[in-house]
Amino acid sequence: MESSFDASERVREMQRAEAVPYVVMPPPRRWVSPLFGAWSAAYVGTFGLWHEHELAFIVAMLTLSGGMGALIGRLTRRYGVLPMVGRGTPPPEIRREHRRYGIGVVVIAGLVAGTWWWAGLLAASAAAFALVTAGLARYQARYRRAAAAVRERLA
């Protein structure tokens with residue numbers, strides 16, 4: 001009796017299975033990027049309460065953090081496992097986008113901090129909104145292209 005064992009096909013099946021959480025996802029909603037931008041603007045703006053209203057600052061930070069946790073929890077429950085940057089073993093195309101995301105976060109944080117230093121808290125809050133909204137929208141578009149490339153490679 002002949003065996004139809006093909007090791008390369010088994011490896012490809014395993015790679016497809018490993019890639020599923022990273023490439024089989026619904027497209028992001030249009031409101032996600034502006035919501036994260038607004039959250040970032042509120043987070044930066046809350047630092048205006050730091051010196052004169054410490055209790056209000058703490059309550060605002062806890063509220064913002066709890067709200068973000070609730071949103072991520074809701075999205076995870078609704079869409080299943082969400083790929084998290086820095087966790088798991090994503091395909092190389094996705095891993096590249098995760099690295100770019102991390103670099104983008106550091107660059108945006110630096111730009112917002114510089115804006116705060118040179119132009120004040122209100123300008124930094126506006127910069128946080130604009131940069132986070134645009135940066136996340138760009139990341140989502142690049143991620144979709146990377147996921148399509150993975151699907152095509154493993155087809």
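Being a predicted model, the structure only gives us computed values, none of them experimental.

Draft legend 1. Examining the overall build of the protein more closely. When helices and strands are tallied, the protein shows 5 helices and 0 strands. Written out in order from the N terminus, the α and β elements of the protein read α-α-α-α-α. By the compact-globule yardstick of 15 Å for 155 residues, the protein is too spread out, its C-alpha radius of gyration being 20 Å. Overall, the protein is about 85 × 30 × 25 Å in size when its C-alpha atoms are taken along their principal axes. Across the 155 residues in the protein, those meeting the buried criterion constitute 27%. Carbon and sulfur atoms form 65% of the exposed surface of the protein, whose accessible area is close to 10500 Å². The protein carries 19 positive and 10 negative side-chain charges, and their two centres are separated by 7 Å.

Draft legend 2. Inspection of the packing of aromatic side chains at higher detail. Across all of its chains, the model carries 8 aromatic pairs by this definition. Ring centres of tryptophan 39 and tyrosine 43 lie 5.1 Å apart, and the angle between their planes is 25 degrees; on these two criteria the pair is classed as stacked. Taken together, the residues tryptophan 39 and tyrosine 43, both in helix 2 (residues 32-46) and 4 residues apart, mark about one turn of the helix. Of the residues examined, tryptophan 39 reaches a relative accessible area of 24% and is grouped as partly exposed.

Draft legend 3. Structural view of the packing of helix 2 against helix 5 (residues 121-154). Closest axis-to-axis distance for the helix 2/helix 5 pair is 7 Å, and the angle between their directions is 155 degrees. The pairing of helix 2 with helix 5 is recorded here as roughly antiparallel in orientation. In this structure, the crossing between helix 2 and helix 5 has a hand that is right-handed. Here helix 2 contributes Val32, Ser33, Pro34, Phe36, Gly37, Ala38, Ser40, Ala41, Ala42, Val44 and Gly45 to the contact with helix 5, which in turn contributes Leu121, Ala124, Ser125, Ala128, Phe129, Val132, Thr133, Leu136, Ala137 and Gln140.

Draft legend 4. Just the side chain of serine 33, in detail. Residue position: serine 33 is located in helix 2. Of note is the side chain of serine 33, whose polar atom sits 3.3 Å from the backbone nitrogen of alanine 137.

Draft legend 5. Region of the structure containing the pattern of salt bridges. Applying the stated criterion across every chain yields a total of 4 salt bridges. In this structure, the salt-bridge partner of arginine 16 is glutamate 9, at a minimum N-O distance of 3.0 Å. Across the pair arginine 153 and glutamate 93 runs a salt bridge whose closest N-O atoms are separated by 2.8 Å. A residue pair is termed long-range when its members are at least 10 positions apart, and arginine 153 in helix 5 and glutamate 93 in helix 4 (residues 92-119) qualify at 60 residues.

Basis of the calculations
- Each residue is numbered by its place in its chain's sequence as written, counting from 1.
- Predicted model: local features are reported for residues with pLDDT of at least 70 only, side-chain atom pairs are reported and counted for 80 or more only, and whole-chain, interface and lining totals are derived from all residues.
- In computing side-chain values, all of the structure's heavy atoms are included and hydrogens and water are not.
- Secondary structure elements are defined from DSSP: runs of H or I of at least 4 residues count as helices, runs of E of at least 2 residues count as strands, and each element is numbered from the N terminus.
- Throughout, the radius of gyration refers to the C-alpha atoms, and the reference size of a globule is 2.2 Å times the residue count to the power 0.38.
- Each residue is placed in one exposure class: buried if its accessible area under a 1.4 Å probe, protein chains only, is under 20% of its type's maximum, exposed if it is over 50%, and partly exposed if it falls in between.
- Methods summary: accessible areas were calculated by the Shrake-Rupley approach with a probe of 1.4 Å, and residue burial reflects only the protein chains presented.
- Neither His nor the chain ends is counted toward charge; the positive residues are Lys and Arg and the negative residues Asp and Glu.
- Here the site of a charge means NZ on Lys, CZ on Arg, CG on Asp, or CD on Glu.
- To pair, rings of Phe, Tyr and Trp, with the six-membered ring standing in for Trp, must have centres within 6.5 Å; the planes then decide the type, stacked if under 30 degrees apart, edge-to-face if over 60, and tilted in the middle.
- Axis definition: a line fitted to C-alpha atoms, limited for helices to the stretch in contact. Angles are taken between N-to-C directions and run from 0 to 180 degrees.
- Orientation is classified from the angle alone, with under 35 degrees giving roughly parallel, over 145 giving roughly antiparallel, 65 to 115 giving roughly perpendicular, and any other angle giving oblique.
- Each crossing is labelled by how the near helix is turned from the far one, with a counterclockwise turn of less than a right angle marking it left-handed and a clockwise turn marking it right-handed.
- The contact criterion used throughout is that any non-hydrogen atoms of two residues lie within 4.5 Å.
- Nitrogen and oxygen atoms within 3.5 Å of one another constitute a polar contact, given that in protein one can donate a hydrogen and the other can accept it, and given that sequence-neighbouring residues count only through two side-chain atoms.
- Here a salt bridge means any side-chain nitrogen of Lys or Arg lying within 4 Å of a carboxyl oxygen belonging to Asp or Glu.

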